[in-house]
Amino acid sequence: MLVALIGLVLAIGGAWLAVLGGSLYYLLTGVVMVVAGVLLVRGRMLGGWIYLAIVVLSALWAWWEVGANAWAQVPRVIAPVVLLLAVIAAMATLSRRQDRWRLALIGMAAALVLTTADFWVAAANQPNPVLAALPAAGTRGMGDPSGQQVGADWPAYGGTTGARRYSPLTQINAENVGKLRRVWTIHTGDLPSSPQIRNTYGAENTPLKVGDSLYLCTPKNIMIALDPATGKERWRYDPKVPDNAIPYTAACRGVVHYAVPGMAADQPCATRIIEGTLDARLIAVDARSGRLCADFGTNGQVDAKVGMGKVPDGFVSINSPPTLVRGVLVTGHQVLDGQDRWAPSGVIQGFDARTGQLRWAWDMMHPEWSGAPPQGQEWARGTPNMWTMASGDEQLGLVYLPMGNAAADYYSSLRRPQENEFATSLVALDVTTGKPRWRFQAVRKDVWDYDFGAQATLVDYKGAPALVLPSKQGDIYVLDRRTGQPLTPVGEMRVPGGGVEPEQRAATQPVSLWHTLRKPDLTERDMWGMSPIDQMICRIQFRRASYKGFFTPPESDRHSIEYPGYNGGTDWGGIAVDPARGVIVANYNDMPNYVRLVPRAEADKLGWAPRDQARGEIGGAEGAGDPQANTPFAINVNAGWRLPFTGMLCKQPPYGGIRAIDMATGKTIWDRAFGEARTNGPFGIPSMLPITIGTPNNGGAVVTASGLVFIAAATDNLIRAIDLNTGKTVWKDVLPSGGQATPMTYEMNGKQYLVLYAGGHHFMETPVSDEVVAYALPS
């Protein structure tokens with residue numbers, strides 16, 4: 001009966017898929033399964049033999065359709081074989097042979113052996129990920145224009161404000177990394193106060209190490225100083241951020257260390273730790289004591305919302321560390337996505353790092369303003385913001401802003417010319433004046449939420465001061481950081497038109513011709529699932545949706561497929577660069593989004609409204625039922641394109657990877673799937689399989705002079721070391737929770753340490769905790 005029922009489902013769904021122009025396999029298989037099931041119900045052995053033939057032919061079809069792709073074969077082969085075991089047992093009950101159960105057991109064993117062999121043969125035939133030789137160490141050295149030194153210390157979020165995430169330390173190397181052990185673990189005490197708030201926590205912090213102290217901040221902005229060798233707490237400062245200030249994610253990515261020029265070292269706040277908070281304050285405390293710096297703003301605090309007009313709770317937050325260049329703290333802020341076309345401004349502000357006074361502000365709609373808005377006015381509402389980290393060049397006096405989009409990411413008709421000019425661009429600001437020096441735009445009239453999420457990384461490229469700029473759509477650009485001119489080829493590709501605003505869509509979009517992490521366009525064969533049934537459902541969804549390839553515009557009468565989705569390519573974790581070898585290390589995501597613009601009347605019936613009007617639950621996936629008030633459409637994004645019942649993704653693995661790139665040529669050195677299947681499985685049940693599948697990942701990598709890449713980021717709750725020469729994992733450890741943060745490394749008392757804030761992340765659905773973990777070699 002089960003065989004017949006499954007066959008009926010496949011036949012009905014297969015007929016629908018066939019009408020849509022899809023594969024005939026499901027219709028034909030379903031009809032034959034119904035016949036096999038009916039025969040088995042009637043006690044006919046022939047039904048079992050027919051089903052066995054279905055399994056054999058399905059395996060051959062799987063090899064024809066996806067070849068030597070082990071994960072792609074799973075829904076095509078595994079579930080039919082599991083059912084085959086039951087069918088063989090049923091066939092034994094229909095036989096009169098004396099040895100029927102012995103034969104049945106032999107048949108079951110043969111099915112399992114052949115299926116396992118099929119999977120491992122497919123896995124063994126995957127292409128070798130090592131594609132080229134690694135450049136020799138020391139052959140391509142380059143200076144760091146930040147003026148900061150990394151090695152014993154880790155003085156800024158990205159190592160330095162040049163954001164290379166590189167350390168010259170070599171004590172931990174490929175030969176001894178297997179001996180790494182946890183040497184201390186601390187609990188910050190910052191955990192969600194309610195189940196609702198648990199749906200917002202995402203500890204994305206990378207600590208700093210300067211001198212004899214380690215500095216970090218927790219999701220709700222508690223600043224803590226630790227002994228780098230023991231993890232012993234020296235001080236903490238809690239700014240008492242209220243829960244209602246949490247935007248999409250409660251996260252504090254990092255703090256800023258600032259030594260005030262001319263102040264005696266023993267004076268209070270001669271060195272200070274500065275952070276931005278979820279309720280958009282800048283706070284400065286003494287680096288030695290954790291006490292507020294009275295000479296910064298008003299008793300150590302500055303409200304960055306001044307001049308923004310009405311700011312509902314949670315709409316404006318600073319979750320990325322300001323960038324310090326020439327004594328100026330340059331900060332953007334996150335504006336809660338998808339709420340209102342006229343949300344608060346995305347103004348960029350520069351504050352004096354000693355006094356907290358506003359030095360300048362850049363409001364793209366009011367370029368004539370250099371300070372606070374005139375009396376009775378406010379910063380222009382709804383303009384593109386910078387929610388992520390900027391990088392800075394101390395020598396040129398420039399700060400490089402990865403800009404987001406105008407409020408209401410998925411509708412562009414109401415955007416003003418200045419917004420179209422600066423959105424989804426890297427903008428270089430003069431840190432003295434706050435005026436733009438140049439811009440580089442990666443998407444024209446972006447309706448895909450392809451804002452820049454990653455810092456630009458400052459390098460030297462063929463003798464020129466340059467920066468490497470990765471994007472969510474997977475393209476990597478190399479620009480002259482003085483002028484913004486591309487130093488590597490940039491082309492134009494024709495892109496699909498249509499959508500709800502066909503007159504707004506550009507005929508072409510810029511793409512990197514030097515390097516892209518983007519994979520080929522999706523086809524129906526790329527659909528996946530736990531079984532042929534959910535794979536068939538994904539194929540039907542694929543055929544019903546609008547998908548014309550890269551840059552398919554969103555529609556309202558049907559879903560569209562956005563690939564890559566808004567999580568990358570490269571998101572806020574950024575890239576790492578080994579300046580001695582000239583190698584880029586980039587971890588990336590490889591998932592689509594399933595998107596639909598929802599007409600306003602329909603959204604109103606569903607109760608979708610901005611958070612200050614109908615707050616409801618906070619957290620969840622970004623874009624899933626966002627109102628986009630004051631536009632004709634709300635937006636509903638199925639992030640990763642998942643099936644609601646099983647939770648499985650519709651695209652076949654891998655969902656994430658990591659790649660090494662030769663910066664001199666843009667060629668791939670190696671590329672591999674990144675992340676094990678151990679915590680993933682249908683219905684949210686962990687499979688515990690230690691098999692590389694390639695999982696979604698958030699957070700970046702650190703590369704060291706010894707040729708190691710340290711990274712967590714994936715949803716498997718592991719931290720690992722990867723050999724830069726081969727791309728192979730040479731060490732790993734199970735974390736106490738999710739590792740969606742970038743690690744850092746430093747030296748203390750002659751010992752090299754590796755530290756990660758393993759706090760988990762709601763969007764990545766990894767366990768939340770409050771632990772910071774440190775590793776080192778045995779003494």
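Our structure is the block above this text.
Residues numbered from 1 in each chain as written. Predicted model: local features only at pLDDT ≥ 70, side-chain atom pairs only at ≥ 80, totals over all residues. Heavy atoms only, no water.

(A) How the structure looks around the overall build of the protein. Counting its secondary structure elements, the protein contains nine helices and 41 strands. Taken along the three principal axes of its C-alpha coordinates, the protein extends 95 × 65 × 50 Å. Looking at the protein as a whole, 63% of its 779 residues are labelled buried. Taking as baseline every contact in the protein between residues at least 6 positions apart, the subset at least 24 positions apart corresponds to 64%. For the protein, the accessible surface area stands at approximately 27,600 Å², while carbon and sulfur atoms represent 57% of it. (Helix = DSSP H or I, 4+ residues; strand = E, 2+ residues; numbered from the N terminus. Buried < 20%, exposed > 50% of the residue type's maximum accessible area, 1.4 Å probe, protein only. Contact = heavy atoms within 4.5 Å. Areas by Shrake-Rupley, 256 points an atom, 1.4 Å probe, with all protein chains shown as cover.)

(B) Local environment of the packing of aromatic side chains. Summed over all chains, the structure comprises 22 aromatic pairs. With 5.0 Å between their ring centres and 85° between their planes, Tyr25 and Tyr26 make a pair best called edge-to-face. When its relative accessible area of 12% is taken as the criterion, Tyr25 is described as buried. A relative accessible area of 0% places Tyr26 in the buried class. When the ring of Trp448 is compared with that of Tyr450, the centres are 6.3 Å apart and the planes differ by 20°; the resulting orientation is stacked. Accessibility expressed as a relative area gives 1% for Tyr450, which makes it buried. (Phe/Tyr/Trp six-rings, centres within 6.5 Å; stacked < 30°, edge-to-face > 60°.)

(C) Examining the state of the cysteines more closely. Counted under the stated rule, the structure contains three disulfides. The disulfide bridge from Cys269 ends at Cys293, spanning 2.0 Å between sulfur atoms. Judged by the sign of its S-S torsion, about -100°, the cystine formed by Cys269 and Cys293 is left-handed. Residue Cys269 is located in the loop between strand E7 (256–259) and strand E8 (271–276), and its partner Cys293 is located in the loop between strand E9 (281–286) and strand E10 (301–303); the two are separated by 24 residues in the primary sequence. For the residue pair Cys269 and Cys293, the accessibility class agrees, reading buried in each case. (Disulfide = S-S within 2.5 Å.)

(D) Focus on the nonpolar core. Core analysis: the biggest nonpolar cluster contains 28 residues, and Val3, Tyr26, Met33, Tyr51, Leu84 and Val87 have the highest contact counts within it. Elements with a minimum of two residues in this core: helix H1 (2–19), helix H2 (25–41), helix H3 (46–66), helix H4 (70–94), helix H5 (100–124) and helix H8 (532–544). Ranked by residues supplied to this core, first place goes to H4 with eight residues. Contact partners of Leu84, with chain neighbours within four places excluded, come to Tyr51, Leu52, Val55 and Ala111. (Core = buried A, V, L, I, M, F, W, Y, C linked by side-chain atoms within 4.5 Å.)

(E) Representation of the sheet that holds strand E22 (residues 464–470). Strand order across the open sheet formed by four strands is E21-E22-E23-E26, with antiparallel pairing between neighbours. The outermost strands of the open sheet, each flanked by one partner alone, are strand E21 (457–461) and strand E26 (515–516). Of the strand pairs in this sheet, E21 and E22 are connected by five bridges, and their pairing is antiparallel. Within the sheet, the bridge partner assigned to Leu458 lies in E22 and is Leu467. (Pairing = 2+ DSSP bridges.)

(F) Spotlight on H4. Its 25 residues give H4 an end-to-end C-alpha distance of 35 Å, which sits within 8% of 36 Å, the value for a rise of 1.5 Å per residue. Of all the bends in H4, the greatest reaches close to 35° and is centred on Arg76; the proline Pro80 follows between one and four positions later. (Expected span 1.5 Å × (residues − 1). Bend = angle between axes of the 7 residues up to and from the residue.)

(G) Seen up close, a nonpolar patch on the surface. Residues Leu5, Leu8, Val9 and Ile12 make up a contiguous nonpolar surface patch of about 360 Å² in total accessible area. Mapped onto the elements of the fold, Leu8 is located in helix H1. Taking relative accessible area as the criterion, Leu8 reaches 44% and is therefore assigned partly exposed. (Patch = residues over 30% accessible without salt bridge, like charges linked within 9 Å, V, L, I, M, F, W, Y side chains within 5 Å. Salt bridge = Lys/Arg side-chain N within 4 Å of Asp/Glu carboxyl O.)

(H) Broad picture of unusual backbone geometry. The amide bond that connects Tyr563 to the next residue, Pro564, takes the cis arrangement and shows omega of 0°. Of note, the amide linkage connecting Pro653 to Pro654 takes the cis form, showing an omega dihedral of 0°. The residue Ala280 is not glycine, and still its phi comes out positive at about 65°. Looking at the element boundaries, Ala280 is found in the loop between E8 and E9. By relative accessible area, Ala280 is classed as buried at 0%. Phi at Lys462 is positive, roughly 55°, even though this residue is not glycine. Position of Lys462 relative to the elements: it lies in the loop between E21 and E22.

(I) Representation of the packing of H1 against H2 in the model. Look at H1 against H2: their axes get within 7 Å of each other, and the N-to-C directions meet at 160°. As the angle between them shows, H1 and H2 are arranged roughly antiparallel. Crossing geometry of H1 relative to H2 is assigned as left-handed. Contact with H1, carried on its side by Val3, Ala4, Ile6, Gly7, Leu8, Leu10, Ala11, Gly14, Ala15, Leu17 and Ala18, involves Tyr26, Leu27, Thr29, Gly30, Val31, Met33, Val34, Ala36, Gly37, Val38 and Leu40 of H2 and no other residues of that element. For the contact of H1 with H2, a count of residues per class yields 17 nonpolar, five polar and no charged. (Axes fitted to C-alpha atoms, helices over the stretch in contact; angles between N-to-C directions. Parallel < 35°, antiparallel > 145°, perpendicular 65-115°, else oblique. Left-handed = near helix turned anticlockwise from the far one by under 90°. Nonpolar A, V, L, I, M, F, W, Y, C, P; charged D, E, K, R; others polar.)

(J) Geometry of the sheet that holds strand E40 (residues 751–758). What the four strands build is an open sheet, ordered E2-E41-E40-E39; its pairing is antiparallel. At either margin of the open sheet sits one strand with a lone partner, and together these are strand E2 (181–187) and strand E39 (744–748). Recorded for the sheet is a direction-independent mean angle of 25° between the axes of neighbouring strands. In this structure, E2 lies alongside strand E41 (residues 771–776), joined through six bridges in antiparallel fashion. Residue pairing in the sheet places Thr185 in a bridge with Val773 of E41.

(K) Local environment of H8. For H8, with 13 residues, the first-to-last C-alpha span of 18 Å sits near the 18 Å given by 1.5 Å per residue. Here H8 has its buried residues at Pro532, Asp534, Gln535, Met536, Cys538, Arg539, Ile540 and Phe542. Lining the buried residues of H8 we find H1, H2, H3, H4 and strand E27 (560–562).

(L) Looking closely at the pattern of salt bridges. Here the structure, examined in full by the defined rule, presents 38 salt bridges. Residues Lys209 and Asp153 are paired through a salt bridge, measuring 3.1 Å at the closest nitrogen-oxygen approach. With Lys209 in strand E3 (residues 208–210) and Asp153 in the loop between H5 and strand E1 (166–167), this residue pair connects regions lying 56 residues apart in the sequence. Since its relative accessible area comes to 3%, Lys209 is described here as buried. Its salt-bridge partner being Arg539, residue Glu524 comes within 2.6 Å of it at the nearest N-O pair. Linking Glu524 in the loop between E26 and H8 with Arg539 in helix H8, this pair joins segments that are 15 residues apart in sequence. The class of Glu524 is buried, set by a relative accessible area of 7%. Within the structure, one salt-bridge network assembled from shared partners comprises Glu65, Arg76, Glu524, Arg539 and Arg543.

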